[in-house]
Amino acid sequence: TNVPADTIRRRARELAAQKPACGVDPSWHGAWGSLYGNSLQTARAALCLNALLGSYGTVGGLVFPPKPNLAALPFPFLPPVSAKRADGVGDGHFPLASLTDGLPQRLPEIILTGKPYPIAALVVNHANPARSLPNTPKVEEALRKLELLVVVDVQMSETAELAHYILPESTYLERDEPLAVSERLIPEVALRQPVVSPRHDTRAAHAIIAGLAKGAGLEAAFGFTARQSAEAQLKPTGEALLALDKQGVWRDKTDGVYGAPRFNTPSGKVELACAALKAAGFDPLPVYEPPLVEPDLQSFRLLTGHEFAHTGSSTQENPFLAALSAENRLWIHPARAARLGIEEDDWAVVKSEIGEVRVKAKLTEGIYPEAVWLAHGYGHLVKSRKSSLDKGVNDNLLVGVRAEPIAGGAALAETIVTVRRG
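Given the structure is predicted, the values throughout are model-derived calculations rather than measurements. (Residues numbered from 1 in each chain as written. Predicted model: local features only at pLDDT ≥ 70, side-chain atom pairs only at ≥ 80, totals over all residues. Heavy atoms only, no water.)

Asks: Quick one: what's the story with the sheet that holds strand β3 (residues 165-168), residue by residue and with numbers?
Replies: Strand pairing in a sheet relies on backbone hydrogen bonds. The paired strands run either parallel or antiparallel. With parallel pairing, three strands are arranged side by side in an open sheet as β1-β2-β3. Strands at the two margins of the open sheet, each flanked by one partner only, are β1 (121-125) and β3. Between one strand axis and the next, the sheet turns by 15 degrees as a mean value, whatever way the strands run. Sheet analysis places strand β2 (residues 148-153) next to β3, joined by four bridges and oriented parallel. Paired with Asp153 across the strands is Pro168, a residue of β3. (Pairing = 2+ DSSP bridges. Helix = DSSP H or I, 4+ residues; strand = E, 2+ residues; numbered from the N terminus. Axes fitted to C-alpha atoms, helices over the stretch in contact; angles between N-to-C directions.)

Spelled out as structure tokens, the structure:
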């Protein structure tokens, strides 16, 4: 890690002195999110450290508040899908991958090759895979191959421009939604309600999906409104939906926040050695594995991620947010930039194994010298989006398709680039 051994020892002693009111914050999109080939074992090491510190379920540590006592929806569900998953999850590959999330970065390859079976249609709701998935040219090629692409969204996007049908969605101020559950120290249930009527011929996404389901003969499983689902879920709480209409948020009066939590493991406890990993042929203990790729003295590791002003690739058209950050720049360490003859605001050409971009440089000591960083979500080419058109660059023109081998996360930081003044 290049962190001095004395620093590691000092930090270890500081943590031990404060236990159990301490811990390693799980964070988000960090080294243990899914960015590297070794992210899962990195995450396990940090989680095991928290267990050794006694942090779980303690004041000042990491807690697992109980969920509010909501009822399951009393409506018929669709029969379980028996077909083999196209992304390979649950088929012996990526043994700890999420059955809910799957491996979306593999979708373009599956569409283009038709393996393990053809995918001819795709419905996209408030997402922009033509910008959010790695290897943009390959994604766009796959989307163009589809026989049917339907996009449900509140604005135009690169994916919507490729769609056969666009079903306009009401904005968040114009629609109601199912209950939102927040698991904080005091669990909360929130109700989103429309404050204005839709200005145009739009519908909420759940209403659009219910309409599509009716057309497909699946009305029994989707024949209810968001308000009916909220009313059904609230019954065990004794809270009336009309009261939630006025208050907006209901807080569960629970005192089950602290105390030893039960984990979703065979023993119900923290398992430093994971039997599931061992059964899948991986080391059951958190061990160090090197990243999938490494830069040399002439190259950099490309890091990407979100920044303070924007959410993914969906908010760059907002004029207030665009005023805070209209384009992305390449973060590069001053020492490395000096060797390349690059100064602040100079144009730099960044090249990876799949493509290259030209972007302005931002010199900062806030980036590790062996890496460069690009904020995600810029480089829009939708002509109707006047505020964001051609502002900054699309990071996924550089990022290739890789997967962390155990859980299958998109290893977005396993990309090596060269940088030159340009």
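So, next bit.
Asks: Which residues make up unusual backbone geometry, and what values go with them?
Replies: Cis geometry marks the peptide bond from Lys19 to Pro20; its omega dihedral reads 5 degrees. You can see Pro20 is positioned in the loop between α1 (5-18) and α2 (39-53). A cis amide bond links Lys115 to the next residue, Pro116, at an omega of 5 degrees. Along the chain, the position of Pro116 falls in the loop between α3 (107-113) and β1. Here Phe94, not a glycine, exhibits a phi torsion of approximately 50 degrees, which is positive. Of note, Phe94 is situated in the loop between α2 and α3. Since its relative accessible area comes to 16%, Phe94 is described here as buried. One non-glycine residue, Asp390, adopts positive backbone phi at about 60 degrees. Checked against the element boundaries, Asp390 lands in the loop between β11 (371-375) and β12 (416-421). (Buried < 20%, exposed > 50% of the residue type's maximum accessible area, 1.4 Å probe, protein only.)

Asks: Outline the pairing of strand β9 (residues 347-351), supporting the account with residue identities and numerical values.
Replies: Looking at chain direction, β9 and strand β10 (residues 356-363) are connected through five bridges and run antiparallel. Opposite Ala348, over in β10, you have Val359 as the bridge partner. Here β9 folds back onto β10 in antiparallel fashion, the turn holding four residues. The sheet contact formed by β9 and β12 spans four bridges and is antiparallel. Bridging from a neighbouring strand, Lys351 pairs with Thr418 of β12.

Asks: Outline empty space enclosed by the protein, listing residues and values.
Replies: For the structure shown, the criterion picks out one cavity of 30 Å³ or more. In this model, the largest cavity occupies a volume close to 30 Å³. Leu107, Pro108, Ile111, Leu122, Pro129, Leu133, Val139, Ala142 and Leu143 are the residues that line the largest cavity. Put simply, the parts of the chain that give the lining of the largest cavity at least two residues each are α3 and α5 (136-145). When the residues that make up the lining of the largest cavity are grouped by side-chain class, the tally is nine nonpolar, no polar and no charged. (1 Å grid on protein atoms, 1.4 Å probe; cavity = no way out; pocket = protein on both sides within 12 Å on 5 of 7 lines; lining within 4 Å. Points joined across faces, edges and corners; volume = space filled by probe spheres on them. Nonpolar A, V, L, I, M, F, W, Y, C, P; charged D, E, K, R; others polar.)

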